[in-house]
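Residue-level structure breakdown
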Amino acid sequence: MSSHEAPATDAVGARGGALDGRTALVTGASRGIGLAIASAFVREGARVAMVARSAELLEARAAELGARAIAVSADVSTRDDLARMAAHAVQHFGGAPDIIVNNAGSFTIAAIESIDPDVFIRSLETNLVGPFLVTRMFLPEMRARGSGHIVSIGSVADRSAFAGNGAYSPPKFGLRALHEVLRAELRGSGVRTSLISPGPTDTPLWDALDPDSRPGFTPRRQMLRAGDVAEAVLFAVTRPERVAVDELRLSPA
């Protein structure tokens, strides 16, 4: 595990917590923010389905978190994978999860004229189509039972455009729009939605980009940590039912 990746929590699941008896599905859960969120949820008593494409790494991470975590390898932008993942989660939980965290994402930096069209399309599929498909899969049951929480992990790039973000900002702006539409459609249904938008966060997504050597980029030592984002998500999903956390923006202090 790299030094900037969220470690499994100590004595994970050894005590009760704010999410006792609840179930959650977290995408992109094999590393970084997704792993930190899954760890925080297990620590607080939830049963968690951890979803990611990297089966071997995902299974290792789930094993570290203990019996309350299961690994479900899937590409959530692929419908066949999604159907298999959803069936596995529903069977394990006995229904749709109480909490969905749409966290899986990809990140590249390049000028628009340099972006391969396949890279752009893949970014749309991972950062926007995937969250849409995952949400759509479980939303009817959530609405029918009158409870649930859908969390979208956004970015500062979901509201501000930066040079080099031609393949990243468009789907993140779209994710913000998806969240806002869900919020409007689900008002009064008992199903809540939250958009958590962190600034630069030190995760393995930066490994190939080396921001420390790029002028104008936030050095990794000054970035948020994955655990900071996980605590924001935990805050949002543990508010009383009368409270909706519509959006949280996080930035390095």
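Notes on the structure in this doc start here. (Residues numbered from 1 in each chain as written. Predicted model: local features only at pLDDT ≥ 70, side-chain atom pairs only at ≥ 80, totals over all residues. Heavy atoms only, no water.)

**So, the overall build of the protein chain**
In terms of regular secondary structure, the protein chain is built from six helices and nine strands. By principal-axis analysis of the C-alpha atoms, the protein chain measures approximately 50 × 40 × 35 Å. Expressed as a percentage of its 253 residues, the buried residues of the protein chain come to 50%. Sequence-distant contacts, at least 24 apart, represent 69% of the contacts inside the protein chain between residues at least 6 apart. (Helix = DSSP H or I, 4+ residues; strand = E, 2+ residues; numbered from the N terminus. Buried < 20%, exposed > 50% of the residue type's maximum accessible area, 1.4 Å probe, protein only. Contact = heavy atoms within 4.5 Å.)

**A closer look at the pairing of strand 5 (residues 148–153)**
Every other side chain in a regular strand lies on the same face of the sheet, so the side chains alternate between the two faces. The element strand 5 is largely enclosed, with a buried count of six among its six residues. Side chains Gly 148, Ile 150 and Ser 152 project from strand 5 onto one buried face, and the interleaved His 149, Val 151 and Ile 153 project onto a second face that is buried too. Relative to strand 5, strand 4 (residues 99–102) runs parallel, the two sharing four bridges. Its bridge partner being in strand 5, Ile 100 is matched across the sheet by Ile 150. Regarding the hand of the β-α-β motif, the stretch spanning strand 4, helix 4 (residues 117–145) and strand 5 is right-handed. (Pairing = 2+ DSSP bridges. Right-handed = clockwise from strand over helix to strand, strands pointing away.)

**As for the side chain of Asn 103**
As for its placement among the helices and strands, Asn 103 is situated in the loop between strand 4 and helix 4. Classification of Asn 103 as buried rests on a relative accessible area of 11%. In contact with Asn 103, not counting residues within four places along its chain, are Thr 27, Gly 28, Ile 33, Gly 34 and Ile 153.

**Concerning the pattern of salt bridges**
A complete count under the given rule lists 16 salt bridges for this structure. In this structure, Arg 43 and Glu 231 form a salt bridge, with 3.1 Å as the shortest nitrogen-oxygen distance. Pair noted here: Arg 43 is in helix 1 (residues 32–43) and Glu 231 is in helix 6 (residues 226–237), with a separation of 188 residues, a long-range link. Arg 43 sits in the buried class, given a relative accessible area of 19%. Linking Arg 220 and Asp 202 is a salt bridge whose minimum nitrogen-to-oxygen distance equals 2.7 Å. (Salt bridge = Lys/Arg side-chain N within 4 Å of Asp/Glu carboxyl O.)

**Details of the nonpolar core**
Across soluble globular proteins, nonpolar side chains have a tendency to be buried as a group. In this structure, Ile 37, Phe 41, Val 48, Met 50, Val 101, Ile 196 and Val 233 are the most contacted members of the largest nonpolar core, which totals 36 residues. For this core, the secondary-structure elements that each account for two or more residues are strand 1 (23–27), helix 1, strand 2 (47–52), helix 2 (55–65), strand 4, strand 5 and helix 6. The residues contacting Met 50, other than those within four sequence positions of it, are Val 26, Ala 29, Leu 35, Ala 38, Leu 58, Arg 61, Ala 62, Leu 65, Ala 69, Ile 70, Ala 71 and Val 72. In terms of nonpolar packing, the next biggest core, distinct from the first, is built from 23 residues, Ala 49, Val 76, Ala 86 and Leu 139 among them. (Core = buried A, V, L, I, M, F, W, Y, C linked by side-chain atoms within 4.5 Å.)

**Some thoughts on the packing of helix 1 against helix 6**
Packed helices, taken two at a time, are described by the angle their axes make and the gap between the axes. Their axes nearest at 8 Å, the elements helix 1 and helix 6 cross at an angle of 50°. Judged by the angle between their axes, helix 1 and helix 6 are oblique. Relative to helix 6, the crossing made by helix 1 is right-handed. For the pair helix 1 and helix 6, the contacting residues are Gly 32, Ile 33, Ala 36, Ile 37, Ala 40, Phe 41 and Arg 43 in the first and Ala 226, Gly 227, Val 229, Ala 230, Glu 231, Val 233, Leu 234 and Val 237 in the second. Taken together, the residues of the contact of helix 1 with helix 6 break down into 11 nonpolar, two polar and two charged. (Axes fitted to C-alpha atoms, helices over the stretch in contact; angles between N-to-C directions. Parallel < 35°, antiparallel > 145°, perpendicular 65-115°, else oblique. Left-handed = near helix turned anticlockwise from the far one by under 90°. Nonpolar A, V, L, I, M, F, W, Y, C, P; charged D, E, K, R; others polar.)

**Some thoughts on helix 3 (residues 79–93)**
The first and last C-alpha atoms of helix 3 sit 21 Å apart over 15 residues, in line with the 21 Å expected at 1.5 Å per residue. Within the span of helix 3, buried status applies to Leu 82, Met 85, Ala 86, Ala 89 and Phe 93. Along the axis of helix 3, the buried positions cluster into a sector of 100°, meaning they face one direction only. Across from the buried face of helix 3, at angles greater than 90 degrees, the exposed residues are Asp 80 and Gln 91. (Expected span 1.5 Å × (residues − 1). Arc of directions from axis to C-beta.)

**Some points on unusual backbone geometry**
A positive phi angle, close to 50°, is found at Asp 210, a residue other than glycine. Within the secondary structure, Asp 210 sits in the loop between strand 7 (201–202) and strand 8 (224–225). Residue classification places Asp 210 among the partly exposed residues on the basis of a relative accessible area of 37%.

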